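Spelled out, the chains give:
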Amino acid sequence: MVRYRDIITEACNRSNVVPRKRDVPADVFTTASNLLKGILQDYSNRKYITAYRNEVDFVPQSESFLVGEGPDVIVEAIKLQTPEKVLYKLSENDWVPLTFVALERFYDANNGPFVVSWQPTGANQYKLYFKPVFLSGNRTCKMIYTLEMEYDDNDEVNLPVPYIELLTRALAYALSVQYPRTDQNKQMLLKASLDETENMLMAANSSNRIITRDTGYNGSLLSNFLGGSFILR
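What you see is a predicted model, and the numbers here were worked out from it, not measured in a lab. (Residues numbered from 1 in each chain as written. Predicted model: local features only at pLDDT ≥ 70, side-chain atom pairs only at ≥ 80, totals over all residues. Heavy atoms only, no water.)

K.L.:
Sorry if this is basic, but what is going on with the side chain of Glu55 here?
P.N.:
With respect to the element layout, Glu55 can be found in strand β1 (residues 53–58). Polar contacts involving the side chain of Glu55 include one to the side chain of Lys142, which spans 3.0 Å. (Helix = DSSP H or I, 4+ residues; strand = E, 2+ residues; numbered from the N terminus. Polar contact = N/O pair within 3.5 Å; in protein donor to acceptor, adjacent residues only side chain to side chain.)

K.L.:
Can you help me understand helix α2 (residues 26–45) in this one?
P.N.:
At 3.6 residues per turn, the α-helix brings residues three or four places apart onto the same side. With 20 residues, α2 should cover 28 Å at 1.5 Å per step; its first-to-last C-alpha distance of 29 Å lies within 8% of that length. Those residues of α2 that sit buried are Val28, Phe29, Ala32, Ser33, Leu36, Ile39, Leu40, Tyr43 and Ser44. Down the axis, α2 shows its buried residues gathered within 130 degrees of arc, on one side only. Looking at α2, the residues exposed on the side facing more than 90 degrees away from the buried face are Asp27 and Asn34. (Expected span 1.5 Å × (residues − 1). Buried < 20%, exposed > 50% of the residue type's maximum accessible area, 1.4 Å probe, protein only. Arc of directions from axis to C-beta.)

K.L.:
Any chance you could explain the sheet that holds strand β3 (residues 75–76) here in plain terms?
P.N.:
By definition, the strands of a sheet pair up through backbone hydrogen bonds, in either a parallel or an antiparallel sense. Pairing within the open sheet is mixed, and its five strands lie in the order β3-β2-β8-β7-β6. Every interior strand has two partners, whereas the edge strands, β3 and β6 (99–100), have only one. Taken together, the six bridges between strand β7 (residues 115–122) and strand β8 (residues 125–130) define a ladder with antiparallel strand orientation. Bridge pairing links Ser117 to Tyr129 in β8. (Pairing = 2+ DSSP bridges.)

In structure tokens form, the structure reads like this:
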């Protein structure tokens, strides 16, 4: 079991910010934790860490409605960070992605009915937009979305070992920049090892089969996903 604080401790050791066998001072731990949260956010946005994805199925009944968390949401998606893709059901195992367009282009008639748009409306909440012609088909849709990654100090980080190493190397390099207690050669080695891990995982992600998780809203195994982002095995 790897805890959130274990990643911080190891990164502090590797960057020579805190020698091994010494406790990490509270102020350094706070700084490292803030850096790690930023790293998690960055890797999620850049699609290095794709394990934290989920899906929810729904039948849109209006041209716009809220999804995510909150008293006014129509489709609940706990810990929604960002919608990644919306698809509609073609057959039992086949789904077709809707084309995402920015809201300012959504109402352009040239886009046709098979488009979707969204905009953030609050913490863990977005508004989805559909065309009236699309709604008339009463189609089942699926939203693939990124989950917010939030950890407390003693929380277990449920990621495969290569991703734990990625986070550790990224934080070690960030700490070596924040606290320049290592010589330049050491810092360059930390950056080189980070680049190597990032490149390896990006290549691995490109060939992974897509699997999503059921949220309880009639979710199902997504066996055919035409285009879009990849989910870890």
